[in-house]
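Structural overview for review
Here is what each chain is made of, one letter per residue.
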Amino acid sequence: MSTPLNRLVQLLCGSFTNDEQAFENPPLYAHINVTVRPLPHLAEGMLLLEQAYALAPAEPYRIRVLHACAEGENLHIRNHALRDAERFWGATLQPEKLPTIHAPDLQLLEGCTYIVTPQGSGFSGEVEPGCRCMVERKGRTSYLVSRFEIDQNGMSTIDRGHDPDSHEQIWGSLAGPFLFRRVENYAAEIPSHWGLGTSDPSA
Ligand code: CYC
């Protein structure tokens, strides 16, 4: 039986582009590729994510290790930065680099865990409550307000940074979510030894 965690991890593993939206609204939406691949040598649910401008695919502006895991009734996605992250740039496009990422390279981003629930044939999620996900950007400290939806066809994301005192928006989309269509599915790379929440480990 496929569990919710299993389905979430399968949906996350792939590559995504917002090409249609970017070509229709060039001033509002940069053309971005998002690629997520499993890290089979690490704990179950550990995934490498890279977000890059389509013009510079091997220079991601955001590279993170996501850890999708079940927490009681809920699904969580923990977000980790990578120490000396340039070492790993482009690894989602050159999978032979994936095994060079090890647990000590990861730094948990406190307050930035995503809480995810089933929605339709996929999932939706929001960053945990509390305004504790702090992001330094444009020389200012901000807290992240973020939401995403994912299914077989693609994913939509909206990330915005707000001023901790005035709560005004400092960065992020002004026009609404980024709309990504799925280009590749990397679910076949999920190792079978990841139990991913099967209630019966022998199932
Ligand atoms: C930051 N985006 C973040 C952060 C989270 C997410 C948690 C704050 C922590 C961090 O720096 O990594 C989003 N995390 C997610 C999502 C999931 C998750 C969606 C579910 C899979 O686990 N983000 C977009 C746009 C683009 C963008 C395509 C333009 C606005 O979705 C940018 N997100 C963006 C930037 C940052 C960010 C620039 C701040 C990163 C930084 O400056 O270090």
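Since the model is a prediction, treat every value here as computed from it, not as a measurement.

Calculation rules
For every chain, the first residue of the written sequence is number 1, and numbering continues from 1 along that sequence. Two thresholds apply to this predicted model, a pLDDT of at least 70 for residue-level local features and 80 or more for giving and counting side-chain atom pairs, whereas whole-chain, interface and lining totals are computed over all residues. Side-chain measures were taken over the full set of non-hydrogen atoms in the model, leaving aside hydrogen atoms and water. For this description, a residue counts as near a given molecule or strand if any of its non-hydrogen atoms is within 4 Å of it. Polar contact criterion, stated in full: a pair of N or O atoms within 3.5 Å, where within protein one must be able to donate a hydrogen and the other to accept it, and residues adjacent in sequence count only if both atoms are side-chain atoms. Helical segments are the DSSP runs of H or I of at least four residues, strand segments are the runs of E of at least two, and each set is numbered from the N terminus.

The next point concerns the site of the ligand. Near the ligand you find 23 residues, and of these Arg62, Arg64, Asn79, Thr157 and Asp159 are the closest. Taking Arg64, its side chain carries an N or O atom lying 2.5 Å from an oxygen atom of the ligand. Contact between the ligand and Asn79: an oxygen atom at 2.8 Å from a side-chain N or O atom of the residue. Secondary-structure elements contributing two or more residues to the shell around the ligand are strand E4 (62-71), strand E5 (74-82), strand E9 (134-137), strand E10 (140-151), strand E11 (154-162) and strand E13 (178-185).

At Asp84, a position not held by glycine, the phi torsion is positive, near 45 degrees. Tracing the chain through its elements places Asp84 in the loop between E5 and strand E6 (106-108). Located in the positive-phi region is Lys138, a residue other than glycine, with phi close to 55 degrees. As for its position among the elements, Lys138 is in the loop between E9 and E10.

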